[in-house]
Amino acid sequence: MNFSSRFPLRRRALAAAGTAAALALTLAACGSSGDSSSMPGMDHGGTSSAASSPRATASTDDMPGMDHAAGGNGLSDNQDGYRLTSSDRSLAAGKQAAYRFAVTGPDGKPVTRFAVDQTKRMHFYAIRSDLTGFQHLHPTMAADGTWSAGLASLTPGSWRMFASFTPDSGAGKGKDFVLSRTVTVPGGATRTPLPAAAGSTQVDGYTVTVKGEPMAGMAHPLTVSVAKDGKPVTDLQPYLDTYAHLTAFHEGDAAFAHLHPTTKVNGDHGGPDLSFHAELPTAGNWRLFLQFRTGGALHTAALTLRVG
């Protein structure tokens, strides 16, 4: 996994304007334990576990509280002629569900050729509006370009569905996209307050510690350490071509950011320390979801990171 942000917002803004005003625009647009067991619908499984230009037009079903659609945050269903389409606007609560979608290109036809990224052609994320219920899946595609993501049980509320992909043909060949739409899960929705920012959290007997002080719109290093029973963990197994997969969502609008580790994979003995390059576009609280594998089991740790 390349350890550079998928969405280098600040660099693009600086290149476009080359002035302090452009930097200001980029910054504008762009720990309590946080135990994941407190999060309804949190999925720790494997298969059920943005890039829009600045000021892009947001999806018509944007999540409440969204006040910007800056480049790279995934809060639009279209970019550069590519569009995420789906007839699913609601899904049933309390049971597994298949979310079906397609990606159409500038010619209006379904895209069927995608480049492999982190061993997969499509990465799919489901996140509830209060940043609970995180799921990271790798859906399957039919011959006609229709994808199907098998979601685990969903709790009532508003959910945003993200598709992360790279076309392998057409005008967007080789370019990374993150597009999203929202769905409603009917029922009595209870909003869960976001856990306070914290430097560590626990999941499945493991303690995950995050060190670093990222600033909005600027590249900063993050270090993640994994321990168990007070001892450093050194048996992390490869997962998606790395020892840990890190995704972040912004409080209030669920803006998306994908952070990549620099630590190289060297057999089944990763850890305890993993280095990440963090470039989070917007100040505020971000909910981090770190996925790592030990003993063949996938673990998902969640904590809140405050970005200045």
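Here, the structure is the one placed above.
Calculation notes
Chains are numbered independently. Their residues run from 1 in the order of the written sequence. Selection of residues for local features in this predicted model requires a pLDDT of at least 70, selection of side-chain atom pairs for listing and counting requires 80 or more, and totals for whole chains, interfaces and linings are taken over all residues. Note that water and hydrogens are dropped before the side-chain values are worked out from all heavy atoms of the structure. Pairing between two strands is assigned when DSSP locates at least 2 bridges connecting them. Only DSSP runs of H or I with at least four residues qualify as helices, and only runs of E with at least two residues qualify as strands; both kinds are numbered from the N terminus onward. By nonpolar core we mean a set of buried residues, namely Ala, Val, Leu, Ile, Met, Phe, Trp, Tyr and Cys, connected to one another through side-chain atoms within 4.5 Å. The buried label applies to any residue whose accessible area, calculated with a 1.4 Å probe on protein chains only, is under 20% of its type's maximum; exposed applies above 50%, and partly exposed to all values in between. Throughout, a contact is declared for two residues whenever any of their heavy atoms are within 4.5 Å. In this analysis, rings of Phe, Tyr and Trp, with Trp reduced to its six-membered ring, are considered paired at centre separations within 6.5 Å, and the interplanar angle assigns stacked below 30 degrees, edge-to-face beyond 60, and tilted for intermediate values. In protein, a polar contact requires one atom able to donate a hydrogen and another able to accept it; more generally it is a pair of N or O atoms within 3.5 Å, and residues adjacent in sequence count only if both atoms are side-chain atoms.

**Observations regarding the sheet that holds strand 6 (residues 140-141)**
Within the open sheet, the five strands sit side by side as 1-2-3-7-6. Their pairing is antiparallel. In this open sheet, the two edge strands, each paired with only one partner strand, are strand 1 (78-79) and strand 6. Of the pairings in the sheet, the one linking strand 2 (residues 82-85) to strand 3 (residues 97-104) comprises three bridges and is antiparallel in character. Within strand 3, the position partnered with Thr-85 by the bridge is Ala-102.

**Quick notes on the nonpolar core**
Counting 42 residues, the largest nonpolar core has Ile-127, Phe-162, Phe-249, Phe-276, Leu-280, Leu-290 and Phe-292 as the members making the most contacts within it. Within the residue set of this core, elements represented by two or more residues are strand 4 (123-128), strand 11 (206-211), strand 12 (220-228), strand 14 (245-250), strand 15 (256-261), strand 16 (273-278), strand 17 (284-294) and strand 18 (297-307). With residues up to four places along the chain from it excluded, the contact list for Phe-292 reads Val-203, Tyr-206, Val-208, Val-226, Leu-236, Tyr-243, Ala-297, Leu-298 and His-299. Of all hydrophobic cores here, the second largest spans 25 residues; its members include Leu-84, Phe-101, Trp-159 and Val-183.

**Details of unusual backbone geometry**
With omega at 0°, the peptide bond leading from Gly-271 into Pro-272 counts as cis. You can see Pro-272 is positioned in the loop between strand 15 and strand 16. Its identity is not glycine, yet Leu-131 carries a phi of approximately 70°, on the positive side. Note that Leu-131 resides in the loop between strand 4 and strand 5 (135-137).

**Focus on the packing of aromatic side chains**
Enumeration over the complete set of coordinates arrives at 17 aromatic pairs. Aromatic pair Tyr-99 and Phe-124: ring centres 5.6 Å apart, planes at 35°, arrangement tilted. Taken together, the residues Tyr-99 in strand 3 and Phe-124 in strand 4 connect sequence positions 25 residues apart. Centroid distance Tyr-206 to Phe-292: 5.5 Å. Interplanar angle 80°. Geometry classified as edge-to-face. With Tyr-206 in strand 11 and Phe-292 in strand 17, this pair connects stretches of sequence that are 86 residues apart. Comparing Tyr-206 with Phe-292 shows no difference in burial state: the two are buried. Taken together, the ring pairs connect Tyr-82, Tyr-99, Phe-101, Phe-114, Phe-124, Trp-147, Phe-165 and Phe-177 into an aromatic cluster.

**Structural notes on the side chain of Thr-166**
Looking at the element boundaries, Thr-166 is found in the loop between strand 8 (157-165) and strand 9 (177-185). Accessibility expressed as a relative area gives 8% for Thr-166, which makes it buried. A distance of 2.7 Å separates a polar atom in the side chain of Thr-166 from a polar atom in the side chain of Asp-176.

**A word on the pairing of strand 7 (residues 146-151)**
Residues Trp-147, Ala-149 and Leu-151 point to one face of strand 7 and are all buried, whereas Thr-146, Ser-148 and Gly-150, pointing to the other face, are not buried. Of the pairings in the sheet, the one linking strand 6 to strand 7 comprises two bridges and is antiparallel in character. Looking at strand 7, one finds that Thr-140 is bridged to Ser-148. Hairpin geometry of strand 6 and strand 7 is characterised by an intervening segment of four residues between the two adjacent antiparallel strands and by a positive phi of about 90° at Gly-145.

**Some points on the environment of Leu-151**
Note that Leu-151 resides in strand 7. Note: C-alpha distance between Leu-151 and Leu-91 (60 residues apart in sequence) is 9.9 Å.

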